[in-house]
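Residues per chain are reported as follows:
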Amino acid sequence: RANINLRTAERVLLKVGQFNAVTFTELFDQTKELPWEEFIPADGKFWVTKANSVNSKLFSSSDIQSIVKKAIVERLKLKYRINWFKEDGESYPIRVTILKDVVTIALDTTGNSLHKRGYRPEAGKAPISECLAAALIKLTPWNKDRILIDPFCGSGTILIEAALKALKIAPGINRRFAAEKWECIDKEIWREERSRAIDLVDRNAKFEGIGCDIDDLAVALTLDNAKKAGIKSRLKVEQADITSFKQPQGSIVICNPPYGERMLELREAEDIYRKMGKVLLKGGGSSSYIISPHEEFQKFFGKNAVKRRKLYNGMIKCQLYMYF
């Protein structure tokens, strides 16, 4: 249910065990004590996909990965009474996190990250992730009765995520997950949860999304992605520059305007911020929520935000500037 329905998480982990370890011997011994045979069959393909360590005596990711793998192999050798594993069955990816010497070992039930909904095989020049777009929407007072506008729609992610939320369409309803093929989880559960998610969809829900972009290819991409997501009829998208934008009374703008790291791109972005301010600050009774990494965004926009919220777009530190 979590895999199918979560909008802002990247993956769902199933915790196999947690313990303290300050030496590699302790890491090996305690990993070996965990009941791996309850999850991984004799032909299962298993490996440590990622190991993170923060403020801990064990910090080498490659060593942590290697030792955890060896410990699991030794455990399964005893349980299955075999000395060599073909690992030609289903995949069981493992993740290890060590925080202040507390080791948490978990199986990754998701596989490909949850932001990969399936409707956006293609993306624009600087796409915002589906999870971050959903988070931006949750950080605003928007609801399905208010018009949502993205004047820099790019690949349409913000508009599509809002439409999915309004229509109660589970973001993972049309994709597959690693744990669906695991022997330790009854496949009937997956069928029941997908059926439940389908029953919850509200196709009669009110929603109006408006998008525009100066790039005609971005407009075409937004419409194509919206079609894949099954909500194309709920959007109005057109090619337009921000200077011609008129915000409807009572609507909400949520957007990720373009920005650049090179000097020319940066100056172009600052010019866009000035134009945005002249247009968006006119509308009484309307609100704007804008994400940007530019530390002087407010100066170019022409007004300080009522509130700000620090967020990360990938590895880029940004602020969500809130005007209402």
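Model, not experiment: these values are computed from the prediction. For every chain, the first residue of the written sequence is number 1, and numbering continues from 1 onward in sequence order. Whole-chain, interface and lining totals are the exception, using all residues; otherwise, since this is a predicted model, local features are given only for residues with pLDDT of at least 70 and side-chain atom pairs are given and counted only at 80 or more. The side-chain figures draw on all heavy atoms in the structure; neither hydrogens nor water molecules are used.

**A word on unusual backbone geometry**
Filter applied, for reference: Helical segments are the DSSP runs of H or I of at least four residues, strand segments are the runs of E of at least two, and each set is numbered from the N terminus. Only protein chains enter the accessibility calculation, which uses a 1.4 Å probe; a residue whose area is less than 20% of its type maximum is buried, one above 50% is exposed, and one in between is partly exposed.
With phi around 55°, Glu87 is a residue other than glycine that occupies positive phi space. Along the chain, the position of Glu87 falls in the loop between α3 (61-80) and β3 (91-99). Despite not being glycine, Asp101 has its phi angle at roughly 70°, a positive value. With respect to the secondary-structure elements, Asp101 resides in the loop between β3 and β4 (102-108). Residue class for Asp101 comes out buried when judged on its relative accessible area of 13%.

**Looking at the pairing of β4**
Let me state the cut-off plainly: Two strands are counted as paired when DSSP detects at least two bridges linking them.
With six of seven residues buried, β4 is to be regarded as a mostly interior element. Pairing between strand β1 (residues 13-20) and β4: seven bridges, direction antiparallel. By the bridge assignment, Lys15 is partnered in β4 with Ala106. Inspection of the sheet shows β3 paired to β4 by six bridges, in the antiparallel sense. Looking at the pairing, Val96 lines up with Ile105 of β4. What sits between the antiparallel neighbours β3 and β4 is a turn of two residues, in which Lys100 has the positive phi angle 50°.

**Brief notes about the sheet that holds β3**
As a reminder of what qualifies: Working convention: axes come from line fits to C-alpha atoms, limited for helices to the stretch in contact. Angles between N-to-C directions cover 0 to 180 degrees. Only heavy atoms enter the contact rule, under which two residues are in contact if any of them lie within 4.5 Å.
As summarised here, the arrangement of the four strands in space is β1-β4-β3-β2, forming an open sheet in which the pairing is mixed. Each edge of the sheet is formed by a strand with only one pairing partner; in this case those strands are β1 and β2 (45-54). Each strand of the sheet is rotated relative to its neighbour by a mean of 20°, with strand direction disregarded. In terms of strand pairing, β2 meets β3 through nine bridges, oriented parallel. In the strand pairing of β3, Lys45 is matched with Ser91. On the sheet, helix α2 (residues 24-32) packs against β1 and β4 and is oriented at approximately 130° with respect to β1. Across the sheet, α3 lies against β2, β3 and β4, angled at about 140° from β2, the strand it touches most.

**Details of the packing of aromatic side chains**
Short version of the rule: Two aromatic rings, drawn from Phe, Tyr or Trp (for Trp, its six-membered ring), form a pair once their centres lie within 6.5 Å of each other, and the interplanar angle then sorts them: stacked below 30 degrees, edge-to-face above 60, tilted otherwise. Charge-over-ring placement is defined geometrically: NZ (Lys) or CZ (Arg) within 6 Å of the ring centre, and within 35 degrees of the ring normal.
Applying the stated criterion across every chain, the model contains nine aromatic pairs. With centroids separated by 5.8 Å and ring planes inclined at 20°, the aromatic side chains of Phe177 and Trp190 adopt a geometry described as stacked. Of this pair, Phe177 sits in the loop between α5 (157-166) and α6 (187-200) while Trp190 sits in helix α6; the two residues are 13 residues apart in sequence, bridging distant segments of the chain. As far as the burial class goes, Phe177 and Trp190 line up, both buried. When the ring of Phe301 is compared with that of Tyr323, the centres are 4.6 Å apart and the planes differ by 40°; the resulting orientation is tilted. Here Phe301 is found in helix α9 (residues 297-301), whereas its partner Tyr323 is found in strand β11 (residues 316-323), with 22 residues between them in sequence. One aromatic cluster is present, built from ring pairs that chain together Tyr273, Phe297, Phe301, Tyr321 and Tyr323. In this arrangement the basic side chain of Lys45 is found over the ring face of Trp47, its NZ or CZ atom lying 5.5 Å from the centre. Over the aromatic face of Phe46 sits the side chain of Lys69, whose NZ or CZ is 4.0 Å from the ring centroid.

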